[in-house]
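# Overview (structure and organization)
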Amino acid sequence: VTDTVLYALHGLGIGEAAALALRVVTGPPRQLRAGERLASEGDEPEGLHVVVNGMLKSCRNLDNGAAQTLALFTAGEMVGAQAIALGRKMSTLSAVPATSVATIPASRLKLVQEDYPQITDGLLRALARETAILQEWLVGMGRRTALSQVAHLLCEVTVRMRMAGRAHGDTCEFPLTQAEIADAAGLSTVHVNRVLQALRAEGLVTLSRSQLKIIDWNKLGHVADFDPLYLLPAANFGDGHAALLFPSGEPRGAGDRRDRQPVP
Amino acid sequence: MPLYYFHLVSPGGREIDEIGSPCLSVDHAMVEAWRAAVEISIELLRGGRPAGDRGFEVCDELGRPVFELAFSDVLGVRAKKPERTSREIRASVAMTLGRNQALRSELAVALANVRTSLATTRALLGS
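Residues numbered from 1 in each chain as written. Chains lettered and ligands numbered in written order. Predicted model: local features only at pLDDT ≥ 70, side-chain atom pairs only at ≥ 80, totals over all residues. Heavy atoms only, no water.

### Here we look at the packing of helix H7 (residues 178-185) of chain A against helix H8 (residues 189-201) of chain A
Residue and element names in this part refer to chain A. H8 packs onto H7 with a crossing angle of 105° between their chain directions and a minimal axis gap of 8 Å. It follows from the interaxial angle that H7 and H8 lie roughly perpendicular. Between H7, through Gln178, Ala179, Ile181 and Ala182, and H8, the contact on the second element is made entirely by Thr189, Val192, Asn193 and Leu196. (Axes fitted to C-alpha atoms, helices over the stretch in contact; angles between N-to-C directions. Helix = DSSP H or I, 4+ residues; strand = E, 2+ residues; numbered from the N terminus. Parallel < 35°, antiparallel > 145°, perpendicular 65-115°, else oblique. Contact = heavy atoms within 4.5 Å.)

And the structure:
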C-alpha cells in the first residue's frame with residue numbers, strides 16, 4: 001500500500017517532504033467490489049483518491065440508460081482534484097474489477113497544502129494529465145476509426161499500467177470487458193468485438209482472461225496513431241521514462257505531429 | 001449472460017465471430033446488431049466503400065441461427081427501378097417518332113379519303 005500511495009504522490013512532482021506529509025494523512029485502503037460505487041455525480045468531494053489495486057472508472061449515466069465512460073484510473077493514479085476544485089463530483093466513480101482505494105480527506109489535504117504550497121502545482125499537473133488523456137479520447141471519438149480508437153485505448157492502458165510497475169514486459173492486467181471498452185469508446189459492444197478480433201487476426205495483440213499482451217508495438221502504435229508523451233507529467237520529462245515504458249521498442253505510429261497539416 | 005455470435009457476411013465471404021458478445025436476450029442482441037450495423041456502415045461509407053451489401057448472421061451459443069440483419073434494412077436502402085441508359089432513351093425516342101410518323105401517314109390517307117368523298121358528294125349534288 002505504502003509503495004503505491006507514495007508512488008502516486010511522487011508522481012505529482014511535489015518533493016519528498018510534501019509527499020510524505022500527504023502520505024501520513026492518507027486513510028487506510030478500502031475494498032470495493034467490482035462495479036461498486038465510490039462516489040456519485042453531485043456528491044460533495046470526499047478527498048483525493050489513490051487507486052492502490054484494480055481500476056476505477058469515471059462515468060456519466062444518461063436518462064436514456066446509456067453510459068459514457070469519461071476516464072479510467074489505474075493502480076498508482078489519483079482522482080478527485082477536479083471535484084475538490086469545483087466543490088462537487090461531476091461524474092460517478094466506480095470500481096471496474098475489485099479495487100482498493102486509499103483516500104486523502106479534503107480537509108487534511110487543505111491543512112498540508114498550507115505548509116507545502118507546491119501541492120497546488122502538483123494537483124494542477126495531475127489535472128493537466130487527465131485533460132490530456134481526455135483530449136486523446138475526444139480525438140478518437142471524433143476522428144479516429146473504431147479500429148484505431150480501440151488500439152489507442154489498449155496502448156494507453158498498457159503504458160499506464162507499466163508506469164505503475166503493473167505490467168510484465170508487454171503483458172498487463174486488462175480488466176475491461178467488451179461492454180466497458182464500448183462505453184469508453186462510444187461504440188457498440190458488437191463493433192468492439194469485431195475490432196478486437198481484427199487486432200488479434202492481424203497479430204497485434206492477444207486478449208484473454210483479463211490479460212492483454214501487445215505482440216507488435218510498432219504496428220499497433222501505427223494503427224492507433226499513438227504518441228505516449230501525453231501520459232508523461234512534465235515533471236518526468238527527460239528522466240528516461242520512455243525507455244522504461246517500452247522495453248521492446250517505442251511505438252513509432254504517431255511520428256512527428258508538428259509537421260502535420262489538416263487536409264482540406 | 002448468454003453469448004451471441006455476430007458473423008459478418010459480405011460479398012467477400014463470411015467473417016466468423018469467434019469471441020461472441022454477452023446479451024440479455026434475443027431482443028438485446030438485435031439492438032446491439034442494429035447499433036453495430038449503423039456504426040460499421042458509417043465507417044465503410046466514409047471510406048468510400050459500399051455498406052448495403054453486408055449483414056449479420058447471429059447465432060446462439062449452440063451455433064443455431066437466431067436472426068439475420070441486412071445492413072440495407074438499417075440504412076433504409078430500397079430496391080429502385082434502374083435508371084435508363086442513353087441508348088435506351090434514344091431507342092424510346094426513335095420509337096415514338098416512328099409511331100408519330102405512321103400516325104401522320106394514316107391521317108393523311110384518311111384526309112385524302114375524306115376529300116375524295118367530299119368531291120364525289122359535290123359532283124353528285126351538282127349533276
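This is not the end of the story, as more comes after the structure.
### Observations regarding the sheet that holds strand S4 (residues 55-61) of chain A
Residue and element names in this part refer to chain A. The four strands are arranged S2-S7-S4-S5 in an open sheet whose pairing can be described as antiparallel. For this open sheet the edge positions go to strand S2 (37-39) and strand S5 (67-74), each flanked by a neighbour on one side alone. The mean angle between the axes of side-by-side strands here comes to 30°, regardless of whether they run parallel or antiparallel. Judged from the two bridges that link them, S2 and strand S7 (residues 92-95) form a sheet pairing that is antiparallel. By the bridge assignment, alanine 39 is partnered in S7 with leucine 93. Across the sheet, helix H6 (residues 146-163) lies against S4 and S5, angled at about 30° from S5, the strand it touches most. Sheet strands in contact with H7 are S4 and S5, and its direction is about 105° off that of S5. (Pairing = 2+ DSSP bridges.)

### Digging into the interface of chain B and chain A
Counting residues at the interface gives 17 residues for chain B, matched by 13 residues for chain A. For the pair chain B and chain A, the summed buried surface comes to about 1,300 Å²; carbon and sulfur atoms form 47% of the total. For chain B, the biggest contributors to the area lost against chain A are Ile19, Glu39 and Glu43 of chain B; these three give 37% of the whole. Our count for the contact surface shared by chain B and chain A stands at two salt bridges. Two residues, glutamate 18 of chain B and arginine 200 of chain A, come together in a salt bridge whose shortest N-O distance is 3.2 Å. Applying the counting criterion to the chain B and chain A interface returns 14 residue pairs in polar contact (both at pLDDT 80 or more). Looking at the side of chain B that touches chain A, the elements that each hand over two or more residues are strand S1 (3-10), strand S3 (21-22) and helix H1 (26-46) of chain B. Ranked by residues supplied to the side of chain B that touches chain A, first place goes to H1 of chain B with six residues. (Buried area = accessible area lost by both parts, 1.4 Å probe. Salt bridge = Lys/Arg side-chain N within 4 Å of Asp/Glu carboxyl O. Polar contact = N/O pair within 3.5 Å; in protein donor to acceptor, adjacent residues only side chain to side chain.)

### Examining the pairing of S7 of chain A
Residues and elements named next belong to chain A. With burial as the criterion, each face of S7 is covered, one bearing Thr92 and Ser94 and the other bearing Leu93 and Ala95. Where S4 meets S7, four bridges bridge the pair, whose relative direction is antiparallel. Across the sheet, residue lysine 57 finds its bridge partner in S7, namely serine 94. (Buried < 20%, exposed > 50% of the residue type's maximum accessible area, 1.4 Å probe, protein only.)

### Some points on the pattern of salt bridges
Residues and elements named next belong to chain A. Under the criterion given, the structure shown has 14 salt bridges over all chains. Notably, a salt bridge pairs glutamate 77 with arginine 160, separated by 2.7 Å at the nearest N-O pair. Residue glutamate 77 is located in the loop between S5 and strand S6 (78-79), and its partner arginine 160 is located in helix H6; the two are separated by 83 residues in the primary sequence. A single burial state applies to glutamate 77 and to arginine 160, both of which are buried. Beyond isolated ion pairs, a larger network of salt bridges with shared partners links Glu77, Arg129, Glu156 and Arg160.

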